[in-house]
Amino acid sequence: TKPNIVNNSVLIKRYVHPGHAWMRMTDDGDALVGIDEFAQTIVGVVDGVELPRLLKRVEQGQSAWKVRHHHRVVPFVSPVSGRVIQKNEMVLRNPMLINASPYGDGWLLRIRPRKLKAEVNNLFTGKAMSHFIEQAKEQLVRIFSTTPALMYQDGGIIIKDLSERVSDDEWKLLAKEFFLADENGSASPRQFVPQW
């Protein structure tokens, strides 16, 4: 099949893991990974990132890196299994690239994947990805619907600086619910499987 063409450029296919890490394939078969826009809005302005060492093996659904916003640290699970073959040095020097360009210059790792054909079934793409992100936003509103200080009058959630506005217990809940890992970096026992 021919790739979709948008404005004379090839449309890039992106996948999202239920832990809000994204993945897209490079021309040479590697996977670039990062955190999705939903995740970076919850975390807030990223002021630190801790990436695994080169050649480290990462596993899909297991904690692979951490990002920091002031005193809040968020472990993220890898969207794919494989070996880390490159770290984004620009992000290490300027972590705010994650916020400014989460799907572009804000990528975190290049991974040489293994088991990709099987693992891609655990990821969302296209309409399923859009539906998943909408469900995550709705879940966020449900979690904070009893916290008036975090709600707009129209029922939406105040995302800006959310990590600064929640208690430590609420933050732990957010990490487990949306990022599938606890503050120690352990993968949450709750695993999602795409339903679409």
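Heads up: these notes are all about the structure in this document.

About the thresholds
- Residues numbered from 1 in each chain as written.
- Predicted model: local features only at pLDDT ≥ 70, side-chain atom pairs only at ≥ 80, totals over all residues.
- Heavy atoms only, no water.
- Pairing = 2+ DSSP bridges.
- Helix = DSSP H or I, 4+ residues; strand = E, 2+ residues; numbered from the N terminus.
- Phe/Tyr/Trp six-rings, centres within 6.5 Å; stacked < 30°, edge-to-face > 60°.
- Buried < 20%, exposed > 50% of the residue type's maximum accessible area, 1.4 Å probe, protein only.
- Lys NZ or Arg CZ within 6 Å of the ring centre and 35° of its normal.
- Axes fitted to C-alpha atoms, helices over the stretch in contact; angles between N-to-C directions.

Description of the sheet that holds strand S10 (residues 82–87)
Right, on to step 1. Taking strand neighbours across the sheet as the criterion, the six strands line up as S3-S4-S5-S11-S10-S7 in an open arrangement whose pairing is antiparallel. Looking at which strands have only one partner, the edges of the open sheet turn out to be strand S3 (14–16) and strand S7 (57–58).
Right, on to step 2. Where strand S5 (residues 31–35) meets strand S11 (residues 109–113), three bridges bridge the pair, whose relative direction is antiparallel. Note that in S11 the partner of Ala31 across the bridge is Ile111.

Brief notes about the packing of aromatic side chains
Right, on to step 1. Applying the stated criterion across every chain yields a total of five aromatic pairs.
Right, on to step 2. Measuring from ring centre to ring centre gives 4.3 Å for Phe124 and Phe132, while their planes differ by 10°; the resulting arrangement is stacked. Judged on exposure class, the residue Phe124 and its partner Phe132 are both buried.
Right, on to step 3. Every member of this aromatic cluster is reached through a ring pair, and the members are Trp65, Phe76 and Phe179.
Right, on to step 4. We note Arg14 situated over the ring of Tyr103; from NZ or CZ to the ring centre the distance is 3.7 Å.

Looking at unusual backbone geometry
Right, on to step 1. The phi angle at His70 is positive, at roughly 55°, despite the residue not being glycine.
Right, on to step 2. Position of His70 relative to the elements: it lies in the loop between strand S8 (63–69) and strand S9 (72–77).
Right, on to step 3. You will see that Lys115, though not glycine, has its phi angle at about 65°, which is positive.
Right, on to step 4. Within the fold, Lys115 resides in the loop between S11 and helix H4 (116–119).
Right, on to step 5. Relative accessible area serves as the criterion here: at 46%, Lys115 is assigned to the partly exposed category.

Some details on the sheet that holds strand S6 (residues 48–50)
Right, on to step 1. The antiparallel open sheet is built from three strands, whose spatial order is S6-S8-S9. Strand pairing shows two members of the sheet lacking a second neighbour, S6 and S9, which therefore form its edges. Pairs of neighbouring strands in the sheet enclose a mean axial angle of 20°, with direction left out of account.
Right, on to step 2. Judged from the six bridges that link them, S8 and S9 form a sheet pairing that is antiparallel. The residue of S9 that forms the bridge with His69 is Arg72.

Section: the pairing of strand S4 (residues 21–25)
Right, on to step 1. Burial runs high along S4: four of the five residues are buried.
Right, on to step 2. The pairing of S3 with S4 spans three bridges and is antiparallel. When the sheet's bridge partners are listed, Arg14 is paired in S4 with Arg24.
Right, on to step 3. Counted along the chain from S3 to the antiparallel partner S4, the turn is four residues long, and its residue His20 has a positive phi close to 65°.
Right, on to step 4. Across five bridges, the pairing between S4 and S5 is antiparallel. Within S5, the residue paired with Met23 across the bridge is Val33.
Right, on to step 5. A loop of five residues connects S4 with S5, the two strands running antiparallel in sequence, and Gly29 in this loop sits at a positive phi of about 90°.

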